[in-house]
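# Observations on the model geometry
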Amino acid sequence: MNTEETPLQTLVGEWLTVPDIAERLGVRLADVRRLIDDREILAARIGERHVVAVPAKFFDDEGVLSALKGTFTVLGDGGMKDDEILRWLFTPDATLPVEGAPIDALRGGFKTEVRRRAMELAF
């Protein structure tokens, strides 16, 4: 099965629900929903119950990865929908400077490289 056929839930791997995120960040549920509404983080409905969840890799020990919002903006401005952005961020790419997917490169400090590729893809 190639990554285009892989269900998003499987491709991402670990997900956090809104209550999980609120507990992890020490904030109210409404604050987590605002992060989603403001596109600081992207969410998808997963599982049989279609719960709203966010990829766990969007967070580090300090909270939300700061490189995400601008990357979402570049890809969204290029016409990608949220599920397409999530799929792109979590699809493995052997040409990146770190092993894994664009999300791993962002976590590894390669924001400029990821955004350059996002711009090329989007425009």
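Residues numbered from 1 in each chain as written. Predicted model: local features only at pLDDT ≥ 70, side-chain atom pairs only at ≥ 80, totals over all residues. Heavy atoms only, no water.

## Focus: the overall build of the protein chain
Note the threshold: We count a stretch as a helix when DSSP gives it H or I for four or more residues in a row; a strand needs E for two or more, and each element gets its number in order from the N terminus. Accessible area is worked out with a 1.4 Å probe on protein chains only. A residue is then buried under 20% of its type maximum, exposed over 50%, and partly exposed in between. Reported accessibility uses the Shrake-Rupley method at a 1.4 Å probe radius. Residues are deemed covered only where the shown protein chains occlude them. Counted as positive: Lys and Arg. Counted as negative: Asp and Glu. His and the chain ends are not counted at all. Each charge is placed at NZ for Lys, CZ for Arg, CG for Asp and CD for Glu.
Along its length, the protein chain carries 7 helices and 5 strands. Taken from N to C terminus, the helices and strands of the protein chain fall in the order α-β-α-α-β-β-β-β-α-α-α-α. Principal-axis analysis of the C-alpha atoms gives the protein chain an extent of 40 × 30 × 25 Å. Residue burial in the protein chain is summarised as follows: out of 123 residues, 39% are buried. For the protein chain, the accessible surface area stands at approximately 7,200 Å², while carbon and sulfur atoms represent 48% of it. Averaging the positions of the 16 positive and the 22 negative side-chain charges in the protein chain gives two centres separated by 4 Å.

## Focus: the packing of helix H2 (residues 18-25) against helix H3 (residues 29-37)
To keep things clear, this is the line we draw: For every element, the axis is a line fit to its C-alpha atoms; helices are fit only across the contacting stretch, and the angle between N-to-C directions ranges from 0 to 180 degrees. Throughout this description, any angle smaller than 35 degrees is read as roughly parallel, any larger than 145 degrees as roughly antiparallel, any in the 65 to 115 degree range as roughly perpendicular, and the remainder as oblique. The contact criterion used throughout is that any non-hydrogen atoms of two residues lie within 4.5 Å. The nonpolar class holds Ala, Val, Leu, Ile, Met, Phe, Trp, Tyr, Cys and Pro. Asp, Glu, Lys and Arg form the charged class, and all remaining residues, Gly among them, are polar.
It is the contact of H2 with H3, at a shortest axis distance of 8 Å, that shows an interaxial angle of 110 degrees. Between H2 and H3, the angle is such that the two are roughly perpendicular. Residues Val18, Pro19, Ile21, Ala22 and Leu25 of H2 touch H3, and the partners they reach there are Leu29, Val32, Arg33, Leu35 and Ile36. Across the contact of H2 with H3, the residue classes tally to 9 nonpolar, no polar and 1 charged.

## Quick look at the pairing of strand S3 (residues 51-55)
In summary, the side chains of a regular strand alternate between the two faces of the sheet. Rules: Two strands are said to pair when DSSP picks up at least two bridges between them.
Direction of pairing for strand S1 (residues 15-17) relative to S3: antiparallel, over a ladder of 3 bridges. Residue pairing across strands places Thr17 opposite Ala53, the latter belonging to S3. Two elements, strand S2 (residues 44-46) and S3, share 3 bridges in a ladder whose sense is antiparallel. When the sheet's bridge partners are listed, Ile46 is paired in S3 with Val51. Two successive antiparallel strands, S2 and S3, enclose a turn made up of 4 residues, where Gly47 displays a positive phi of approximately 75 degrees.

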